[in-house]
There are 2 protein chains.
Amino acid sequence: LGLKLRVKLMGLEAGGKLIAILNHDDAEEMGAHSQGRLNVSFKGEQATAIINTARRYVEKGEIGVFHELAERLKVKEGDFVDVQISKPPRSTAYIKNRLAGRKLSREEIFEIVKDVVSGSLSEIEIAAFVTSLCHHSLDLEEALNLSLAMVETGKTLEFNSGLKVVDKHSIGGVPGDKTTLIVVPIIAAYGLTIPKCSSRAITSAAGTADRAETLMPVEFTLEDVKKIVEKTSGCIVWGGALQLSPADDIFIQVEFPLSIDPLLLPSIMSKKKAIGSRYVVIDIPCGLGAKIKTLNQANLLARDFIELGSRLGMKVRCAVTYGSQPVGYAIGPALEAREALTNLMQGFGSPDLLDKATDIAGMMIEMVGGGDGKAEAISLLETGKAERKLREIIEAQGGNPDIKPENIPIGEHAFTVKSDMSGYILWIDNDAVVDIARSAGAPKDKGAGVQLNRKVGDPVKAGDPLFTIYAEKESRLDQALSTLQASKPIGVGERMEMLMSVVKAPEITLEKFILER
Amino acid sequence: LGLKLRVKLMGLEAGGKLIAILNHDDAEEMGAHSQGRLNVSFKGEQATAIINTARRYVEKGEIGVFHELAERLKVKEGDFVDVQISKPPRSTAYIKNRLAGRKLSREEIFEIVKDVVSGSLSEIEIAAFVTSLCHHSLDLEEALNLSLAMVETGKTLEFNSGLKVVDKHSIGGVPGDKTTLIVVPIIAAYGLTIPKCSSRAITSAAGTADRAETLMPVEFTLEDVKKIVEKTSGCIVWGGALQLSPADDIFIQVEFPLSIDPLLLPSIMSKKKAIGSRYVVIDIPCGLGAKIKTLNQANLLARDFIELGSRLGMKVRCAVTYGSQPVGYAIGPALEAREALTNLMQGFGSPDLLDKATDIAGMMIEMVGGGDGKAEAISLLETGKAERKLREIIEAQGGNPDIKPENIPIGEHAFTVKSDMSGYILWIDNDAVVDIARSAGAPKDKGAGVQLNRKVGDPVKAGDPLFTIYAEKESRLDQALSTLQASKPIGVGERMEMLMSVVKAPEITLEKFILER
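So, here's what we can say about the structure.

Cut-offs and rules
Residues numbered from 1 in each chain as written. Chains lettered and ligands numbered in written order. Predicted model: local features only at pLDDT ≥ 70, side-chain atom pairs only at ≥ 80, totals over all residues. Heavy atoms only, no water. Helix = DSSP H or I, 4+ residues; strand = E, 2+ residues; numbered from the N terminus. Rg over C-alpha atoms; globule rule 2.2 N^0.38 Å. Buried < 20%, exposed > 50% of the residue type's maximum accessible area, 1.4 Å probe, protein only. Contact = heavy atoms within 4.5 Å. Areas by Shrake-Rupley, 256 points an atom, 1.4 Å probe, with all protein chains shown as cover. Lys, Arg positive; Asp, Glu negative; His and termini not counted. Charge placed at Lys NZ, Arg CZ, Asp CG, Glu CD. Buried area = accessible area lost by both parts, 1.4 Å probe. Salt bridge = Lys/Arg side-chain N within 4 Å of Asp/Glu carboxyl O. Polar contact = N/O pair within 3.5 Å; in protein donor to acceptor, adjacent residues only side chain to side chain. Nonpolar A, V, L, I, M, F, W, Y, C, P; charged D, E, K, R; others polar. Axes fitted to C-alpha atoms, helices over the stretch in contact; angles between N-to-C directions. Parallel < 35°, antiparallel > 145°, perpendicular 65-115°, else oblique. Least-squares fit on C-alpha atoms with pLDDT ≥ 70 in both. Expected span 1.5 Å × (residues − 1). Disulfide = S-S within 2.5 Å. Pairing = 2+ DSSP bridges.

1. Focus: the overall build of chain A
Moving on, step 1. Broken down by element type, chain A carries 18 helices and 18 strands.
Moving on, step 2. Over its C-alpha trace chain A gives a radius of gyration of 26 Å, about what one expects of a compact globule, namely 24 Å for 517 residues.
Moving on, step 3. The principal-axis extents of the C-alpha atoms in chain A amount to approximately 80 × 60 × 45 Å.
Moving on, step 4. Counting every position in chain A, which comprises 517 residues, the buried fraction comes to 59%.
Moving on, step 5. If you take every contact in chain A between residues at least 6 apart in sequence, the share linking residues at least 24 apart comes to 80%.
Moving on, step 6. Entry remark: accessible area of chain A is about 20600 Å², with carbon and sulfur atoms responsible for 50%.
Moving on, step 7. For chain A, the distance from the average site of its 62 positive side-chain charges to the average site of its 69 negative ones is 2 Å.

2. Focus on the interface of chain B and chain A
Moving on, step 1. With 57 residues of chain B at the interface, the matching set in chain A holds 56 residues.
Moving on, step 2. Taking both partners together, chain B and chain A bury about 5100 Å²; carbon and sulfur atoms supply 60% of that area.
Moving on, step 3. Across the contact surface, chain B and chain A share six salt bridges.
Moving on, step 4. Note that Lys444(A) is salt-bridged to Glu28(B), the shortest N-O span being 3.5 Å.
Moving on, step 5. In this assembly, chain B and chain A are joined by 11 residue pairs in polar contact (both at pLDDT 80 or more).
Moving on, step 6. Residue assignment for the side of chain B that touches chain A shows that the elements contributing at least two residues are helix H1 (24-30), helix H3 (90-99), helix H5 (123-135), helix H10 (246-258) and helix H18 (474-485) of chain B.
Moving on, step 7. The greatest single-element share of the side of chain B that touches chain A, amounting to eight residues, is contributed by H5(B).
Moving on, step 8. Tallied by class, the residues present in the side of chain B that touches chain A amount to 23 nonpolar, 17 polar and 17 charged.

3. Describing the pattern of salt bridges
Moving on, step 1. One pass over the full model with this rule turns up 69 salt bridges over all chains.
Moving on, step 2. The shortest N-O distance in the salt bridge between Glu336(A) and Arg211(A) comes to 2.5 Å. Of this pair, Glu336(A) sits in helix H13 (residues 333-346) while Arg211(A) sits in helix H8 (residues 208-212); the two residues are 125 residues apart in sequence, bridging distant segments of the chain. Take Glu336(A) and Arg211(A): they sit in the same class, and that class is buried.
Moving on, step 3. The salt bridge involving Glu45(B) is made with Lys74(B); its shortest N-O contact spans 3.1 Å. Here the residue Glu45(B) occupies a position in strand S4 (residues 45-54), and Lys74(B) occupies one in the loop between helix H2 (67-73) and strand S6 (80-86), the gap between them amounting to 29 residues.
Moving on, step 4. For Glu45(B), a relative accessible area of 27% gives the class partly exposed.

4. Focus on the packing of H5(B) against H10(B)
Residues and elements named next belong to chain B.
Moving on, step 1. Their axes nearest at 10 Å, the elements H5 and H10 cross at an angle of 70°. Classified by the angle their axes make, H5 and H10 are roughly perpendicular. Contact residues: H5 offers Ile126, Ala127, Phe129, Val130 and Thr131, while H10 offers Ile250, Phe251, Val254, Glu255 and Leu258.
Moving on, step 2. Its residues assigned to classes, the contact of H5 with H10 comprises eight nonpolar, one polar and one charged.

5. Thoughts on the relation of the copies chain B and chain A
Moving on, step 1. Turning chain B through 180° and shifting it by 0.0 Å along the axis lays it on chain A, with an RMSD of 0.0 Å. Put plainly, the chains are arranged around a two-fold axis.
Moving on, step 2. The overlap is high: 98% of the interface residues of chain B also sit at the interface in chain A, so the same surface is used on both sides.

6. Regarding helix H6 (residues 140-152) of chain A
Residues and elements named next belong to chain A.
Moving on, step 1. Helix length check: H6, at 13 residues, gives a terminal C-alpha distance of 18 Å against a target of 18 Å (1.5 Å per residue), a fit within 8%.
Moving on, step 2. Taken across its 13 residues, H6 has 10 buried, putting it largely inside the fold.
Moving on, step 3. Of the residues making up H6, those classed as buried are Leu140, Glu142, Ala143, Leu144, Asn145, Leu146, Ser147, Ala149, Met150 and Val151.
Moving on, step 4. Contacts made by the buried residues of H6 are with helix H3 (91-99), helix H4 (106-117), helix H5 (123-135), helix H10 (246-258), helix H11 (264-274) and helix H12 (295-311).

7. Concerning the environment of Ala20(B)
Residue and element names in this part refer to chain B.
Moving on, step 1. Relative to the assigned elements, Ala20 resides in strand S2 (residues 19-23).
Moving on, step 2. Sequence separation between Ala20 and Thr48 is 28 residues; the distance between their C-alpha atoms is 9.3 Å.
Moving on, step 3. Each residue touching Ala20, except ones within four places of it in the same chain, is listed here: Leu38, Ala49, Ile50, Ile51, Asn52, Ile63, Gly64 and Leu69.

8. Brief notes about the state of the cysteines
Residues and elements named next belong to chain B.
Moving on, step 1. A full pass over the atoms with the stated rule returns zero disulfides over all chains.
Moving on, step 2. Cysteine Cys286 shares no disulfide, and the gap to the nearest cysteine sulfur, in Cys318, comes to 12 Å.
Moving on, step 3. For Cys286, a relative accessible area of 10% gives the class buried.

9. Concerning the pairing of strand S15 (residues 449-452) of chain A
All names here are of chain A.
Moving on, step 1. In the sheet, strand S12 (residues 330-331) pairs with S15 via two bridges, with the strands oriented antiparallel. In the sheet register, Ile331 faces S15, and the bridge partner there is Val450.
Moving on, step 2. Bridge count between S15 and strand S17 (residues 465-471): four bridges; the pairing is antiparallel. Bridged to Leu452 within S17 is Phe467.

10. Quick look at the sheet that holds strand S7 (residues 166-170) of chain B
Residues and elements named next belong to chain B.
Moving on, step 1. Taken together, three strands build an open sheet; the order of strands is S7-S10-S11 and the sheet is parallel. The open sheet terminates on both sides in strands that have one partner only, identified here as S7 and strand S11 (315-322). When strand polarity is set aside, the average angle formed by the axes of neighbouring strands in this sheet is 20°.
Moving on, step 2. With five bridges joining them, S7 and strand S10 (residues 279-286) adopt parallel strand pairing.

Given below as structure tokens:
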């Protein structure tokens, strides 16, 4: 049964989905249900929309149209469209099967991903799909097909086949991890091609793109990225607008509120594949406060990355790294960029940061057949070649190639926390440090963050500074101080104290969820 | 960090949820994410809303407010509200735990259900909860707590403790099942109290409320229901507006599009508990085309109903009934009401219908201590006492107590399908019959439906009528005829033909999903 309905523009986006609102009476007349599907056509344009129903605001004879559907159909307020009940896409049946525990075939996965990207699946259906992957967890075949489908529905980059395209990726979860800012110039200086597309912070205090943005512009088209990389062998850009995996951008909208991450492997590997990488090092920080808590977990995950990479035609090695305290001393975009630049210029400063960066760069060099990769990486650092390469990249991306660490602006409002006793730094709580940095305004306020004066194992005297909080606005500093009052970011003691916290009631608190990837 | 934002009314409901839209820049400024939570306050009113973000339509400095949130806060267009980031409700952590396979405690379940009813959980979170129940399926303890939580968050009815309150429920899935229209008057005539709250059709051609509505009004308040039942010992009303389990009404919004039904047990039993039932018969139709396909499945489900009922303080018996063809001859609200009334008046007509109704009524009578229940039920039918009781109920509900079957209007447009060969009726395809009846306009057009002339096993000659399709509108009859062309509702043959359908390619079609309960 068909109806002719008058378009009412809802003046609202629907998160990429094609949604139409029917008045309850019209829906009943047509035998349509909320979350069912409607064929809508207008002057040769046609779309299948997800039905919502309303008892008010959309009158009988009207159809409420959200932004995306209006664009697709090219309709204006008051236009008359023809509507007809339609079947839900086949992918909804596949999702139901996955919920019942059936593994998905290649064709089924491609169809689901295609429908996710085209806005044909509702939020409920996407949520059901993502949660279905948590249960009978992804096998490698499914992960492979998901990766391929995510690549196919996104944009890709191809480099001259003579170039050795390498990449690195950290699954995230450790604050202050500015390793990429040092690895990229080392590797590009060595002569490999490294088109590094990074993310911005979601739950952390800074993403690599946020850090890099204090040195140079990071938002480019995929064509620009290619030009920059062909010129300088490397880049450090924001991957978020490149449409490398539009499906993943949508899945994240569901994973974030549910604090689940079943698509970790295909999400990361699809983007590496899309950008043309052939050799990839995956950094898996491990430890209390990191995403991965045990070495066994880390090893299992590493094996999956390696196997999935191999099926996708990429050589993968994994670095399981120490993640129980921040990397280096700085947490927050500008503070971290300063630290990275200083270390690149001096060749020393933050031993753990430089150790990690040269380890990872060394692995990459050895993967493509180089000799002692670590020694090579250290040499590129100490001879200043890596620093010069970073400045080349900064220039190619439109930044000031002569930038000095002190040119990177830091928040003017600061507060230094001092130790109230002598002893040693026993532990640093990653989550608490991130909470304080975010309260101070990071990552949005790039000059906000936390600068540590001590790391685990360092001796400290009563009255010595432990760390300084920086904020761009006084109100934000106040907020960081009140966050500080409710937490204990650094433990100082004369010897290891074993009690970490006292559980008083069987209450379940919201566990910190790290989505960065 | 707090902001003061100007209210923009979105002119739209959000399905009961409290939703606020922030401009992307304001969200970033506050460190807020889509699907996070926002504390919104206005002149002493306060609410926690689910955040959506927008890059257009809601400007910086504005907050987009949906109907429900506007009502809660009592705001108008242009009012200024104070907003502040807030944590998601604890129930989101419980849902995440359930996703990871952890069973939920009583307190956790109550908190989830409470938040579902108050609009505090997003569609994504509710979908994740419902799908989480599909995996590590509900144990009885969880089913019990869900039932209790659903009762507690809804309205309830209590009858004088001297009354024996009985109830029946079919889990649905068989077309033409007008059994309730016969059981209720038999039981009320016997002297038990039966406050029957029925549903309307969702995926079927008629629900009991749809059928009853062709005889009498069925929409009442809970107070009215009590008065009617106290007067006549029974009623047949629509349960949908009684708010007996508002949580279930929301869960169904997710179950329907996903074609999953993990909340079947608590959904049904919570409503029986809420209406004050003490003795309940659950009808489990079983067979090809019914919801339950095997006797073993039926028995397992029956055991769960009985055990759950016992924990909720109700005595439950289950009737596993034959469900491989429609009950009686009529499918569609008015046709079915005619059939039920005719059978009540004559005491004969549709043998399977009367057999089923007296079986179930007999079980109820025996549950409260009566002797030969079936014989008693038949006697109440044959003496006309059941018919008189139905007319009492019709009068109490405001209908015409003298209604005759022919007073119930049937669609004027009809088409009779005749057999093209002689033989026996081998099978009737429930799904196909329902599809034809729905295409003809049922359940919305009450006079639409299918009237069978033959049932399985009946002999038929070439040219004999098999069934007649009725529609209120000619366009609907045409639609039913085109549905008919694409299906084969009745199989006629000289002997059983074993081939039911040919699977040509490994394609997965959308299985018929029966939500009625």
